[in-house]
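Understanding the architecture of this molecule
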There are 2 protein chains.
Amino acid sequence: MRNRRSDVVSAALQVLDAHGLEHCTMRRVAAELGVQASALYHHVPDKQTLLAHMADEIVRDVRGESPAILCRSLRAALLAVRDGAEVVATASAFRLGASDVEARLAEMVGGDGARTLLLYVFGQAQATQTQLQAYALGALPGPARRDPAGEAAQGFDRGLAIILAGLGR
Amino acid sequence: MRNRRSDVVSAALQVLDAHGLEHCTMRRVAAELGVQASALYHHVPDKQTLLAHMADEIVRDVRGESPAILCRSLRAALLAVRDGAEVVATASAFRLGASDVEARLAEMVGGDGARTLLLYVFGQAQATQTQLQAYALGALPGPARRDPAGEAAQGFDRGLAIILAGLGR
DNA sequence: ACCTGAACACCGTTCAAGT
DNA sequence: ACCTGAACACCGTTCAAGT
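Residues numbered from 1 in each chain as written. Chains lettered and ligands numbered in written order. Predicted model: local features only at pLDDT ≥ 70, side-chain atom pairs only at ≥ 80, totals over all residues. Heavy atoms only, no water.

**Here we look at empty space enclosed by the protein**
All names here are of chain B. What counts here: Cavity and pocket criteria rest on a 1 Å grid covering protein atoms alone: a 1.4 Å probe that fits but cannot get out defines a cavity, protein on both sides within 12 Å along at least 5 of 7 lines defines an open pocket, and an atom within 4 Å of a point defines a lining residue. Grid points are joined across faces, edges and corners, and a volume is the space filled by probe spheres set on the points. Each helix is a run of DSSP H or I of at least 4 residues and each strand a run of E of at least 2, with the numbering of both proceeding from the N terminus. Each residue is assigned to one class: nonpolar for Ala, Val, Leu, Ile, Met, Phe, Trp, Tyr, Cys and Pro, charged for Asp, Glu, Lys and Arg, and polar for all the others, Gly among them.
If you walk through the whole model with that rule in mind, you get two cavities of 30 Å³ or more. Computed from the structure, the second largest cavity encloses a volume of approximately 30 Å³. Taken together, Cys24, Met26, Lys47, Leu50, Leu51 and Met54 make up the lining of the second largest cavity. In terms of residues, the lining of the second largest cavity owes the most to one element, helix 3 (residues 47-58), which gives four residues. Across the lining of the second largest cavity, the residue classes break down as five nonpolar, no polar and one charged.

Shown next, in the form of structure tokens:
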């Protein structure tokens, strides 16, 4: 079948989005490509590295002119793929495969501000994805929500406003 | 050997602290108790539930009179056990086994403020633990740090100050 | 009530061997 | 260069059977 590393990363992202991180195994990714699991090791040294490449891809097109827009763009990118926040957060340990983003933020609000914003965006996105999944599975305490995704987005903006206010913006 | 559930949770925490979350398996916990893995299922329905009990235990004695003290107490509790931040964060999906803590914070700074602070504390603690581990393993970019744990604590306080300022405190 | 022993359906990774 | 097939050392979980 003659695959390239980019094919492996694409297949992995497809499996991730379809089945979630828990089931995104080397064997499943290989099956998606019609290949044995051992064949993947020709393109990638181990699973951790594959996850890092996936994280880079998820975050590739993040950009924005202001801190708020940049943070919303990052959040959108993380939420666009199932378990995207968890993959990017743990693969890069908050140092961001695209540490471009941290550098851009740091120019605008300083190092501590950038770090605080980033930790908030990752945490909020991860919590949102976990909750939306729990919601989709049916069992969630409290009254039924009409638009959980919209509520999460509003909650995100309110927290973002708090931090930006603390940064004098 | 006649164990109770509390024995299982204690053994699991011991394995976690000694070997990390990655190696905290049902089989290892069982071995710690001198028992077969299948015996654990007499005390706990599955691994996820065991992790939730561990999270509750990690966070049990968190308290404080002000938002800042409460956040520092939570951070200290998460850092006291290897991979503690990750265990508590994912086991409770930021809803906190001790959602006491969230409720206490919400009284003081409102719901959005509490949530923002909590997301920050978890994110910072998780990143700190990952970095300290990388540091302990030797390979880390940049110049050598004299007191990485102390630097992390200072970084934490600066981010905390930003958020509290945004909350008018 | 608590535990054993064996099994089931999986993992990530390695490695000789094929083309 | 890219892949197969088999193996190794593991997983979480179930279940009949023992005491």
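Additional details are given in the paragraphs that follow.
**Considering the protein's contact with DNA strand D**
Rule in force here: Being near a molecule or strand, for a residue, means having at least one of its heavy atoms within 4 Å of it. Any pair of N or O atoms that falls within 3.5 Å is considered a polar contact. Within protein, one atom must be able to donate a hydrogen and the other to accept it, and sequence-neighbouring residues count only if both atoms are side-chain atoms.
In the region of DNA strand D, 17 residues are neighbours, and Gln36(A), His42(A), His43(A), Arg27(B) and Tyr41(B) sit closest. Backbone atoms, meaning sugar and phosphate, form 49% of the atoms of DNA strand D found within 4 Å of the protein. Separating a phosphate oxygen of DNA strand D from a backbone N or O atom of Met26(B) is a distance of 3.1 Å. Here a phosphate oxygen of DNA strand D sits 2.9 Å away from a polar atom, N or O, in the side chain of Lys47(B). Partitioning the surface near DNA strand D into residue classes produces five nonpolar, seven polar and five charged.

**Describing the relation of the copies chain B and chain A**
How we decide: A residue counts toward the fit only if its pLDDT is at least 70 in both copies, and the copies are then superposed by least squares on the C-alpha atoms of those residues. We call two residues in contact whenever any of their non-hydrogen atoms come within 4.5 Å of each other.
The transformation that overlays chain B on chain A combines an axial shift of 0.0 Å with a rotation of 180°, and the residual RMSD is 0.0 Å. Both copies of the chain, as the preceding transformation shows, are related through a two-fold rotation axis. Across chain B, the smallest distance between a C-alpha and the rotation axis is recorded for Gly166(B), namely 1.8 Å. Residue by residue, 100% of the interface of chain B is reproduced at the interface of chain A, so both copies engage with the same surface.

**Thoughts on the packing of aromatic side chains**
The geometry of an aromatic ring pair is captured by two quantities: the separation of the ring centres and the angle between the planes. The criterion, for reference: Put simply, two rings from Phe, Tyr or Trp (the six-membered ring, in Trp's case) pair if the centres are within 6.5 Å, and we call them stacked under 30 degrees between planes, edge-to-face over 60, tilted for the rest. Whether a residue is buried, partly exposed or exposed follows from its accessible area with a 1.4 Å probe, protein chains only, as a fraction of its type maximum: under 20%, in between, or over 50%, in that order. Only Lys NZ and Arg CZ are tested; either one counts as a charge over a ring when it is within 6 Å of the ring centre and within 35 degrees of the ring normal.
Counting across every chain of the model gives two aromatic pairs over all chains. An angle of 15° between the planes, with centres 5.6 Å apart, marks the rings of Tyr120(A) and Phe156(A) as stacked. Taken as a pair, Tyr120(A) in helix 6 (residues 99-136) and Phe156(A) in helix 7 (residues 148-166) lie far apart in primary sequence, 36 residues in all. Considered together, Tyr120(A) and Phe156(A) belong to a single accessibility category, that of buried residues. For Arg75(B), the ring lying beneath its charged end belongs to Phe156(B), and the centroid distance is 4.9 Å.

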